Each structure stands twice: as C-alpha cells, then as structure tokens.
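# Residue-level structure breakdown
Each chain, written out:
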There are 2 protein chains.
Amino acid sequence: MSVLIVGSTALDSIKTPHAENPRLLGGSASHAAVAASFFGPVKMIGVVGDDFPKKYVALYKKHRIDLTGLQIQDGKTFHWAGEYEVNMNNRRTLLTELGVFEKFTPHLPDPHKQSAFVLLANIAPSLQHHVLDQMARPRFVVADTMDLWLNIALEDLLRLLKRLDGFVLNDSEAHQLTQEDNVFAAMKKLHRLGPKYIIIKKGSHGSILSGPKGHFICPAYPLPNVVDPTGAGDSFVGGLMGYLSTARGGIDTNIRRAMIYGSVLASFCCEGFGLNRTTRIKRADIDKRVAELERLTRF
Amino acid sequence: MSVLIVGSTALDSIKTPHAENPRLLGGSASHAAVAASFFGPVKMIGVVGDDFPKKYVALYKKHRIDLTGLQIQDGKTFHWAGEYEVNMNNRRTLLTELGVFEKFTPHLPDPHKQSAFVLLANIAPSLQHHVLDQMARPRFVVADTMDLWLNIALEDLLRLLKRLDGFVLNDSEAHQLTQEDNVFAAMKKLHRLGPKYIIIKKGSHGSILSGPKGHFICPAYPLPNVVDPTGAGDSFVGGLMGYLSTARGGIDTNIRRAMIYGSVLASFCCEGFGLNRTTRIKRADIDKRVAELERLTRF
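Description of the structure in this document. Computed from a prediction, not measured in an experiment: that's the story for all the values here.

### Points about the pairing of strand S5 (residues 65-73) of chain B
Residue and element names in this part refer to chain B. In terms of strand pairing, strand S4 (residues 42-49) meets S5 through seven bridges, oriented parallel. Residue Val47 lies in a different strand from S5, and its bridge partner there is Gln71. Read from S4 through helix H2 (residues 54-62) to S5, the crossover connection turns out right-handed.

### Section: the sheet that holds strand S3 (residues 20-26) of chain B
All names here are of chain B. Read across the sheet, four strands follow the order S3-S2-S6-S7 without closing on themselves; strand pairing throughout is mixed. At either end of the open sheet lies a strand with only one pairing partner, and these are S3 and strand S7 (91-97). Adjacent strand axes in the sheet meet at a mean angle of 20 degrees when their direction is disregarded. As defined by bridge partners, strand S2 (residues 10-15) adjoins S3 across five bridges and the pair is classed as antiparallel. Opposite Ala10, over in S3, you have Gly26 as the bridge partner. Contacting S2 and S3, H2 crosses the sheet at an angle of about 50 degrees to S3.

### As for the packing of aromatic side chains
Here the structure, examined in full by the defined rule, presents 20 aromatic pairs over all chains. Measuring from ring centre to ring centre gives 6.3 Å for A:Phe216 and B:Phe299, while their planes differ by 65 degrees; the resulting arrangement is edge-to-face. Here the residue A:Phe216 occupies a position in strand S13 (residues 214-218), and B:Phe299 occupies one in the segment after helix H10 (283-297), the pair thus bridging two chains. Grouping residues by exposure puts A:Phe216 and B:Phe299 together as buried. Judged by centre distance (6.1 Å) and plane angle (15 degrees), the ring pair of B:Phe52 and B:Tyr60 falls under stacked.

### Observations concerning the side chain of A:Thr9
Residue and element names in this part refer to chain A. Examined against the element boundaries, Thr9 turns out to sit in the loop between strand S1 (3-6) and strand S2 (10-15). Here Val47 takes part through its backbone oxygen, which lies 2.6 Å from a polar atom of the side chain of Thr9. Those residues in contact with Thr9 that sit more than four places away from it in its chain are Gly26, Gly27, Ala29, Ser30, Met44, Gly46, Val47, Val48, Tyr60, Leu70, Thr77 and Phe78.

### Thoughts on the interface of chain A and chain B
Taken together, the contact pairs 28 residues of chain A with 29 residues of chain B. For the pair chain A and chain B, the summed buried surface comes to about 2400 Å²; carbon and sulfur atoms form 62% of the total. Our count for the contact surface shared by chain A and chain B stands at zero salt bridges. Along the contact surface separating chain A from chain B lie 12 residue pairs in polar contact (both at pLDDT 80 or more).

### Description of the pairing of strand S6 (residues 79-84) of chain A
One face of the sheet, then the other: side chains in a regular strand alternate in exactly this way. Residues and elements named next belong to chain A. With five of six residues buried, S6 lies mostly within the body of the structure. Pairing geometry for S6 and strand S7 (residues 91-97), over six bridges, is antiparallel. Opposite Ala81, over in S7, you have Leu95 as the bridge partner.

### Section: the nonpolar core
Judged by nonpolar contacts, the single largest core of 101 residues is most densely connected at A:Ile5, A:Leu119, A:Met241, B:Leu120, B:Phe167 and B:Ile200. With 11 residues, the top contributor of residues to this core is helix H9 (residues 251-270) of chain A. Once residues within four sequence positions are removed from consideration, B:Phe167 is found in contact with B:Ala143, B:Thr145, B:Leu157, B:Leu161, B:Leu177, B:Leu190, B:Pro195, B:Tyr197, B:Ile198 and B:Ile199.

### Overview of the environment of A:Thr68
Residues and elements named next belong to chain A. Within the fold, Thr68 resides in strand S5 (residues 65-73). A relative accessible area of 57% places Thr68 in the exposed class. Once the C-alpha coordinates of Thr68 and Lys43 are considered, the two residues, 25 residues apart in sequence, prove to be 7.8 Å apart. With residues near it in sequence (within four places) discarded, Thr68 still touches Pro109 and His112. In terms of polar contacts, Thr68 uses its side chain to reach the side chain of Asp66, at 2.6 Å. For Thr68, the side chain forms a polar contact with the side chain of His112, separated by 3.4 Å.

What counts, and at which threshold
Residues numbered from 1 in each chain as written. Chains lettered and ligands numbered in written order. Predicted model: local features only at pLDDT ≥ 70, side-chain atom pairs only at ≥ 80, totals over all residues. Heavy atoms only, no water. Pairing = 2+ DSSP bridges. Helix = DSSP H or I, 4+ residues; strand = E, 2+ residues; numbered from the N terminus. Right-handed = clockwise from strand over helix to strand, strands pointing away. Axes fitted to C-alpha atoms, helices over the stretch in contact; angles between N-to-C directions. Contact = heavy atoms within 4.5 Å. Phe/Tyr/Trp six-rings, centres within 6.5 Å; stacked < 30°, edge-to-face > 60°. Buried < 20%, exposed > 50% of the residue type's maximum accessible area, 1.4 Å probe, protein only. Polar contact = N/O pair within 3.5 Å; in protein donor to acceptor, adjacent residues only side chain to side chain. Buried area = accessible area lost by both parts, 1.4 Å probe. Salt bridge = Lys/Arg side-chain N within 4 Å of Asp/Glu carboxyl O. Core = buried A, V, L, I, M, F, W, Y, C linked by side-chain atoms within 4.5 Å.

Read these as layout, nothing more, since geometry by itself doesn't imply function.
Here it is in structure tokens:
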C-alpha cells in the first residue's frame, strides 16, 4: 500500500561549527518522503515556488515519489536558515521566509484520497486537518508536530489528536503538552487526548512507544559523529510509516520493527547535510543497520 | 564467587517536593552491597560512627553482607543532606558532615584480599587505590566515580583508570573527562585511559557499554513515578557486579545481562526513599522485571 505524506517542502540553509550549506533540499515532507521511499510507493503533498531547483525535483523522482500532489506556484520556495551550536544539541533560527508556503492549501488529487496510510508530517495543524477532511477512509493516520504549533495553534492540535491513530512528538513537546517530566506519565496523559499509539522521540536516546500492547523501548542507532540533525525526526517517522505501509500483518505486529527502521533512517539523515547522505544509501544499507541494532540490544 | 565492595557508608537526609526523610541508610557502598546481595556473597568495606543505628547493621545482616571489613569508630557517621527539585533531575547538597569518614583508611581482612570481583564504588580515588594495593590478584575490578573527584582528585583518578578492567560513570562526567558530548566518541577516548570496559550511565535513558565485543545499548526499566533517585547509580553497578560474580562463563558472555540486572536494581532503588524499596524485594521480583525488559526491547 502507499503512504500519503503532507508537510513542508523547503530550502534549508544550515550552518554548523564546521560548515555552511546554503539552500539544501529540506522540509518535513521531503525528509519523510525520501525515508519512506525505501519501502514502497509514496505520494507527497506540498508546495514549492518557481525558484525550486530542478535537481531537487529530479531527486524526488529518483526516489519514485509521486509528485502529482506537489504544487508549483509563482513565488519563492519556503526558505529556512539555522545555525547549530558546537554540541549539535541547540539550534537557532537565523531566517524564515515562508514564500509560497504562507498561503499553502493542500489539495489532494482523487487517487490520493484512497490512501491507507497517512503521515501528517510537521506542518500547521489546520493544514493537517484539511488533508484528513479530504481522505476517504484511511487505515492508519499518524501526525508529527513541533513546539511552534503548541504555542500558536494548540486548539487546532488538540482537535487533531482526536482524529489520529498515532502521534509522534519529542520529549520537550510532550512535557510542554502534559506538564509531565516523566515520559511514561506523559504518554498516559497523551492517550487521553485521543491517539492509541504515542511515540516520544528522545534524539540520541532513542524513542518510546506506548500502544495497545504496552511499551517498546526503541534505541537510537549509535553515531560517533553527527553532521547535521535537521530532519532526523521527519526521517524517523517517514521510515516508520514506509515500513508499516508495506509490512504484512497488523499495526501491533509491525510497529516495533517500524520504529527500528525509523531510527536507522534518522541515523543516515544525521550523517550528512540535508538529505545528502540519505539519498545515497540503498535498502541493503538500511537492513544492515537494523541487523546491527538487533545485535546491539540483545542480552 | 564473592564481590568485595568499598565505598561510603552514610546517613542520608533526603528532601523532595513531596516528603522529608531524615537519616536514611545511604552511601555508595550500602546501595551497591544491598543490590549485589541478591546474587551471591558480598563483603563490604567501609566506616561508620558509634551513632550508627543498630537497625541498619541488622539490615546489612539481613542481606547476608559480610561486615568484617566495616570499621565502627568513635565519632559520627558520615551524614549527607540533600534536596531534589520538582522534576527529580536536579539536586542540591544542603549539608555534608564527614565525621569518621574524614580519616577513613580502608583496611582489608586477610580473606578479603583474595576476592575475585572488586567494586570500587564512589569514594575518593586515593582510597580506591588503597584497596587495590591490598588485593592479591582480582579477576575483575570495576570503579565508579563522581564529578567531585574529577574536580579535586583528577590525577589520582587517571592513575586509577590504568588499574581497572571496567569504569562506570555518568554522561556528564564522561563529558567533563573527555570534552566529548557524544557518548560514543567519549567512550573511545575513555578506553585510551585504560579500562577495557566503559559503561556510561544516562539516568532514565539507560546506559551504554563499550567493550571488546562492541557496544550494548541497555534500557532503563520504565518508571512512571520516581520517589528518590539517590543511590540509583550505585545500585546499578552493585547489581551488575553481583550478577557477574555468580554467572557462569566469561565477562563478555555475561556483561550485557549483568547491566540489565543493574538497571532493574536501579529501578527498585528509585521507587522508595533510601533503601526502603530495595530491602523489601525478593530475587523473583528482580527476575520478573528482567523478563519485562526483554519484552520491552524485543522487535
């Protein structure tokens, strides 16, 4: 089955203590779609301006991402610039030019409306709603978010939570939303807001699932050197949904392994600027790291 | 085989946002010895004053801890008082009365010198050296430490590292010692300082081993409610050494499972003030949580 992915499609200019990389392919939808593409068909919904480099369209196509839902509008592509500190843990935004993204309304081509797996990658909750409004009967809907929406669109987000099967967020967002420092206490509260599956991402500490079959403690793949963590969370959830959409059996049978695949995609993402590393790997590279994670956690 | 454990034996007065508990049984050796006692014979080296409550001696004895190396001196027992913040992540010291601990010189009874497994729990590195100086030919020596010794006794600690098989420290200490934020990069540098086995503790995020057979990612046992984390790290390394000292086969065969047992002992420690919870459990309770951790990490 295919995954429908909506989110931002952007140009990212990323500065770290070691390098500066202008106008990389970025955005939550780009990262998630490329990550999901290693497993099966992906349909991406987004918007870019007429300045969007042709090489990036070619990159999407190389990953066989269905672009019939990608709008190309007169104007500038969403451009984000940010800078990471020495330890890669803190980043600050230097520039946000919304461009054509400011008035983006996701519009689903008819075949997209039948998609079974829907990933509402990080984007305004109102747009996430708008995508769901157009769907027929999706089998499994997962959303990601960011602190910005907790601050400026909390009501929309809370309404969205009631429409989701799964909700993915990071530990600081979980804390902000529940006032609980403890992730297990936070997950309990998050279930009450709607989703049956809660996944809290903890960066290099891995992630935790709370679902109908209990918890799963998912490790991060060990990386001695992080080049650029931008998009790691989007890659995680993209890999997760890509794997789930093609695995045989129910969600509960597959979600743990899906998280492991997500971890591995996030690890590749961190090893290069933007999508530089992820777009150079093969499925076999992914499977190799999954096997390694099995060895790294066995006791 | 038995484990020899040296460290502090103290009275801890612990304040949290919810409760105040004066003069609990504490200290790194107490926590480690009780944790190790669930697996096999434990010999403890330490010092207490003549004010040390008899009920605590009875508690050690209930755990069949060999106390022939516990000195009882005229004066006051080491007393530490501290306060935890709401989220249990930060604590501040309110009071430190060294008492008889100030002039403590660990002295090993003859039979102790033959111990195969030695745990140098958190205590001044000079005292850790002094214990090793008295040992015959220990099979496996592990030391724990704290930030204080990195600040005031770094040279002693660096000399100690060359005498160890294993070194256990937390992530902030690893960072302080190596200037590396990344734990995997830090572990590489720590090996160069001597120990073949490096274990970095990350609190509720679990721990990571780097050893001759590569890495192991060890989860923390999920706790929705932490009552008092004091001694969790000591319980971890105590459980680890207790398990290792009684398991059949070599270190590499057993160290991963030993860390899992350590995690479980740390979880019980966190569920009560001081040793209140740990001293009320049975070996079967421990094995149950180990089995749970197997289920929580399988994929």
